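Structural features, examined
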Amino acid sequence: MGQRTLSDRERRYLALFEDVTGATGRDCVVTDGDDGRVLVVVKAGEMGRAIGPGGQNVQKLEAKLGADVRLIEDADTAADFVANALAPAAVYNVTISESDDDVVAYAEVADEDRGVAIGADGRNIEEARTLARRHFDVDDIQLT
């Protein structure tokens, strides 16, 4: 498993996430910059509870934090986790390739969803890489 150390702010945000949604948060990362977001990894099977009816839980959380919140569902395998981290892009298949030097996840994404998977200025794929590294020691994610 990858290294997961939470700052005090990330611990507070994770506790607030759980209070607002009633769902279990597995991890929290706050991205830097003017367009920083709060990434929350949600326990597998609790995504519906986390989002809430019509997205109301996410909206409440965003209002309390004053930041955009992105939810990612946890998974048991690196391949499933990478697919979840790239959502809402349609990911057909993820292959994990391990060599002596690194672990790379190759994600097959629908052509029309490549932009969604990459995100503005590469933001979505970089966030997916950060989370995959933290949870499964995946060094890189490449779209195929």
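Structural notes, computed from the coordinates.

Thresholds, definitions, all that
Residues numbered from 1 in each chain as written. Predicted model: local features only at pLDDT ≥ 70, side-chain atom pairs only at ≥ 80, totals over all residues. Heavy atoms only, no water. Salt bridge = Lys/Arg side-chain N within 4 Å of Asp/Glu carboxyl O. Helix = DSSP H or I, 4+ residues; strand = E, 2+ residues; numbered from the N terminus. Core = buried A, V, L, I, M, F, W, Y, C linked by side-chain atoms within 4.5 Å. Buried < 20%, exposed > 50% of the residue type's maximum accessible area, 1.4 Å probe, protein only. Contact = heavy atoms within 4.5 Å. Pairing = 2+ DSSP bridges. Arc of directions from axis to C-beta.

Moving on, we come to the pattern of salt bridges. In the structure shown here, the tally under the stated rule is ten salt bridges. R11 is paired through a salt bridge with D8; the nearest N and O atoms lie 2.5 Å apart. Of this pair, R11 and D8 both sit in helix α1 (residues 8-21), three residues apart, roughly one helical turn. With its nearest N and O atoms 3.8 Å apart, the salt bridge here joins E46 to R49. Residues joined in a network through salt bridges with shared partners are R37, R70, R123 and E127.

The next point concerns the nonpolar core. Among the nonpolar cores identified, the biggest contains 26 residues, and V82, L86, A107, L131, V138, I141 and L143 are the most heavily contacted of them. At the level of secondary structure, the elements contributing two or more residues to this core comprise β2 (37-42), α4 (78-86), β5 (103-109), α6 (123-136) and β6 (140-143). In terms of residue count, α4 provides more of this core than any other element does, six residues in total. Once residues lying within four places of it in the same chain are set aside, the contact partners of V138 are A78, V103, A105, R129, A132 and R133. By size, the runner-up hydrophobic cluster in this structure holds 19 residues, among which are C28, V30, V58 and V69.

A few words on the pairing of strand β4 (residues 91-98). Pairing of β4 with β5, which is carried by seven bridges, proceeds in the antiparallel orientation. The residue of β5 that forms the bridge with N93 is E108.

Let us look at unusual backbone geometry. Of note, the bond from A87 into P88 is cis; its omega dihedral lies within 30 degrees of zero at 15°. In the Ramachandran plot, D121 falls in the positive-phi region, its phi being about 55° despite a non-glycine side chain. Residue D121 is classed as exposed on the basis of its relative accessible area, which comes to 85%.

Among all positions in α4, only A78, A79, F81, V82, A85 and L86 are buried. Mapping the buried residues of α4 onto a view down its axis gives an arc of 165°, with all of them on the same face.

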